[in-house]
Amino acid sequence: MSSPEYKRILLKLSGEVLMGDQQFGIDPAFVAELAQEVKAAKDTGLEICLVIGGGNIFRGMAGAAQGMDRAQADYMGMLATVMNALAMQNALEQLGVQTRVQSAVQMDQVCEPVIRRRAERHLEKGRVVIFAAGVGAPYFTTDSGAALRAAEMRCDALFKGTSVDGVYDSDPKKNPAAKRFETVSYDKVLANNLKVMDASAVALCRDNGIPIVVFSIREKGNLARVLAGQGVQTVVK
Ligand code: UDP
């Protein structure tokens, strides 16, 4: 059961979670599992907007570090997010969940452009709307895209599903004594440069009063638990 606190959420999944246990790309079996989680959440009556990153395929910063023009590399990253969105669309529709992909970079043959009113209509009809290509501009990330769409679609919260189960005061992979916050303020995240989302995404959520729920999407059933307020998570608010 999802918490009555949420009617509409934005779920952001980093591209990396689509890799499953692979080193690169898309693991269809794992994407199918993710789709099950999304379906279970949707079946509770929740309206779901999805944003998926592209880091499993290409990150602009990585290209730039190897000498590519940053904007050009970012365009490639944006295209990677569209591939992931299509993979998730396919997995959801195989489970009978109606979806629409809306891309911030227009690709009429493949998906719709981002049109808020149209997205609203899709949600009303019970479809999951997958927003691709971030904000549609280089020098941004899909975290910013997620914050932007969460604000634009008036989502009650932004759920960030990653490989870590919340926000820690230091890197839990390097420091076994690292402590997880139950809740933490936007300003503390920004001032201490805590690893949640990019500063621009955190600031956009802060300015629009959108809580960010950080949780691990790697454990089965965790999205449902977190939605019910029974999971391990950190809430940035
Ligand atoms: N990107 C961009 N503008 C956006 C969103 C994404 O240029 O609005 C590019 C950028 O190069 C980024 C890549 O797409 O590195 C993949 O997105 P991101 O790194 O956010 O993916 P994630 O870390 O969530 O997998």
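Residues numbered from 1 in each chain as written. Predicted model: local features only at pLDDT ≥ 70, side-chain atom pairs only at ≥ 80, totals over all residues.

Some points on the overall build of the protein chain
Phase 1 of the analysis: For the protein chain, the helix and strand inventory stands at eight helices and nine strands.
Phase 2 of the analysis: The C-alpha radius of gyration of the protein chain comes to 17 Å, within 12% of the 18 Å expected for a compact globule of 237 residues.
Phase 3 of the analysis: With the C-alpha coordinates aligned to their principal axes, the bounding extent of the protein chain is approximately 50 × 50 × 35 Å.
Phase 4 of the analysis: Looking at the protein chain as a whole, 44% of its 237 residues are labelled buried.
Phase 5 of the analysis: For the protein chain, the share of sequence-separated contacts (at least 6 apart) that also reach a separation of at least 24 residues comes to 68%. (Helix = DSSP H or I, 4+ residues; strand = E, 2+ residues; numbered from the N terminus. Rg over C-alpha atoms; globule rule 2.2 N^0.38 Å. Buried ≥ 20, exposed ≤ 12 C-beta atoms within 10 Å, placed from the backbone. Contact = placed C-beta atoms within 7 Å.)

Thoughts on the nonpolar core
Phase 1 of the analysis: Ranked by size, the top nonpolar core spans 70 residues in total, and within it Leu10, Leu50, Met88, Ile130 and Leu158 carry the most contacts.
Phase 2 of the analysis: At nine residues, the largest contribution of residues to this core is made by helix α3 (residues 70-94). (Core = buried A, V, L, I, M, F, W, Y, C linked by C-beta atoms within 7 Å.)

Description of the UniProt feature "binding site: UMP" (unreviewed entry) in the protein chain
Phase 1 of the analysis: When the UniProt feature table is mapped onto this chain numbering, "binding site: UMP" (unreviewed entry) sits at Gly54, Asp74, Val135, Gly136, Ala137, Pro138, Tyr139, Phe140, Thr141 and Thr142. With the annotated positions falling across 89 residues, the maximum pairwise C-alpha distance of 14.1 Å places them together in a single cluster.
Phase 2 of the analysis: For Gly54, the location among the structural elements is in the loop between β2 (47-52) and α2 (60-65).
Phase 3 of the analysis: For Gly54, the contacting residues outside a window of four places in its chain are Gly15, Gly77, Ala80, Thr81, Asn84 and Thr142.
Phase 4 of the analysis: Along the chain, Val135 falls in the loop between β5 (128-132) and α5 (142-152).
Phase 5 of the analysis: A residue is classified by how many C-beta atoms lie within 10 Å of it, and Val135, with 22 of them, is buried.
Phase 6 of the analysis: Beyond its immediate sequence surroundings of up to four residues, Val135 is in contact with Ala104, Phe140, Ser144, Gly145 and Leu148. (UniProt positions renumbered as here; feature names shortened; annotations may be inferred.)

What about α5?
Phase 1 of the analysis: Judged by how many residues are buried, α5 sits mostly within the fold: nine of eleven residues are covered.
Phase 2 of the analysis: Every buried residue of α5 is accounted for by Thr142, Asp143, Ser144, Gly145, Ala146, Ala147, Leu148, Arg149 and Ala150.
Phase 3 of the analysis: Where α5 is buried, its residues contact β1 (8-13), β2, α3, β5, β6 (157-162) and α7 (199-207).
Phase 4 of the analysis: Backbone geometry just downstream of α5 places Arg154 in the positive-phi region, at approximately 50 degrees.

Describing the site of the ligand
Phase 1 of the analysis: Neighbouring the ligand are 24 residues, the closest being Gly53, Gly55, Gly60, Gly77 and Gly134.
Phase 2 of the analysis: Listed by contribution, the elements that provide at least two residues to the shell around the ligand are α2, α3 and α5.
Phase 3 of the analysis: Split by residue class, the shell around the ligand holds seven nonpolar, 13 polar and four charged. (Near = placed C-beta within 6 Å. Nonpolar A, V, L, I, M, F, W, Y, C, P; charged D, E, K, R; others polar.)

Regarding the sheet that holds strand β3 (residues 99-103)
Phase 1 of the analysis: Reading across the sheet, the nine strands line up as β4-β3-β5-β2-β1-β6-β8-β9-β7 and stay open at both edges, with mixed pairing between neighbours. Lying at the two open borders of the sheet, with one neighbouring strand each, are β4 (112-113) and β7 (183-184).
Phase 2 of the analysis: Pairing between β7 and strand β9 (residues 234-236): two bridges, direction parallel. The residue bridging Thr183 from the neighbouring strand is Val235, located in β9.
Phase 3 of the analysis: Helix-sheet contacts for helix α4 (residues 116-124) involve β1, β2, β3, β4 and β5, and the interaxial angle to β5 is about 145 degrees.
Phase 4 of the analysis: Along the sheet face, α5 touches β1, β2, β5 and β6 and points at about 175 degrees away from the line of β1. (Pairing = 2+ DSSP bridges. Axes fitted to C-alpha atoms, helices over the stretch in contact; angles between N-to-C directions.)

Here's the deal with the pairing of β2
Phase 1 of the analysis: Among the six residues in β2, six count as buried, and that is most of the element.
Phase 2 of the analysis: Here β2 shows two buried faces, one formed by Glu47, Cys49 and Val51 and the other by Ile48, Leu50 and Ile52.
Phase 3 of the analysis: Here β1 pairs with β2 via six bridges, running parallel. Note that in β2 the partner of Ile9 across the bridge is Ile48.
Phase 4 of the analysis: Following the chain from β1 across helix α1 (residues 28-42) to the adjacent parallel β2, one finds a crossover that is right-handed.
Phase 5 of the analysis: Of the pairings in the sheet, the one linking β2 to β5 comprises three bridges and is parallel in character. The residue bridging Leu50 from the neighbouring strand is Ile130, located in β5. (Right-handed = clockwise from strand over helix to strand, strands pointing away.)

What about the packing of α1 against α3?
Phase 1 of the analysis: Where α1 meets α3, the closest approach of the two axes is 9 Å, and the angle between their N-to-C directions is 65 degrees. Classified by chirality, the crossing of α3 by α1 is right-handed. Along its contact with α1, which presents Val31, Ala32, Ala35, Val38 and Lys39, the element α3 presents Ala87, Met88, Ala91 and Leu92.
Phase 2 of the analysis: Tallied by class, the residues present in the contact of α1 with α3 amount to eight nonpolar, no polar and one charged. (Left-handed = near helix turned anticlockwise from the far one by under 90°.)

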